[in-house]
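# Structural overview for review
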Amino acid sequence: MSKIFIKNITFLGLLIAFISCNNKPNHFEKNVHWEKFKINLDKNNIDYLIKNSFDSIKCVDCVPNETESLSSSIYIFKNYKNKFYNKDLLDKKEYSVYQDDLMIRINYGFEENYGNESHNIIYMFDKTEGNFLLTGMITIP
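Residues numbered from 1 in each chain as written. Predicted model: local features only at pLDDT ≥ 70, side-chain atom pairs only at ≥ 80, totals over all residues. Heavy atoms only, no water.

### Observations concerning the nonpolar core
Residues Trp34, Phe37, Phe77, Phe84, Tyr108, Tyr123 and Phe125 are the most contacted members of the largest nonpolar core, which totals 27 residues. Counting residues per element, the ones that place at least two in this core are α2 (32-42), α3 (46-51), β1 (53-59), α4 (73-79), β4 (103-109), β5 (120-128) and β6 (131-140). Discounting chain neighbours no more than four positions away, the residues touching phenylalanine 84 are Phe37, Leu41, Ile57, Cys59, Cys62, Ile76, Phe77, Tyr123, Leu134, Gly136 and Met137. (Core = buried A, V, L, I, M, F, W, Y, C linked by side-chain atoms within 4.5 Å. Buried < 20%, exposed > 50% of the residue type's maximum accessible area, 1.4 Å probe, protein only. Helix = DSSP H or I, 4+ residues; strand = E, 2+ residues; numbered from the N terminus. Contact = heavy atoms within 4.5 Å.)

### Remarks on the sheet that holds β5
For sheets, the rule is that strands pair by backbone hydrogen bonds, running either parallel or antiparallel. If you walk across this open sheet you meet the six strands as β2-β1-β6-β5-β4-β3, and the pairing is mixed. Of all strands in the sheet, those bounded by a partner on one side alone are β2 (70-72) and β3 (96-99). Across this sheet, the average inter-strand angle for adjacent strands is 20°, counted without regard to direction. Sheet topology note: the β3/β4 ladder contains four bridges and is antiparallel. When the bridges of β4 are listed, serine 96 appears paired with asparagine 107. (Pairing = 2+ DSSP bridges. Axes fitted to C-alpha atoms, helices over the stretch in contact; angles between N-to-C directions.)

Structure below.
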């Protein structure tokens, strides 16, 4: 084979690889389970929130001096709902989703707010008895 043919094939292969690596989805897919949970947070539907959460949940930054322990879901939703879910901050923001047969993770990323450092808020749901229930919210870092 000629050198020109090999160069053209190599160039074409690299071009295809470069273009495919730069293709990002241009649409945002909402998670139905999380969207329903958010609606009920907005409506302050405590019965729904409790029914769709574990009895004890993690809520980092909600209860002062208790960042690593679990708290009653009733206690969190009645006293710290605005710290658990800040509608003004998150309502219009896109999020990423990891979901498999046993869990859902909703991740809000805030790379632009902290210069070189990023910040994430992650809502966690785990499956029990066929239903996804909220297990809590964590922040990183």
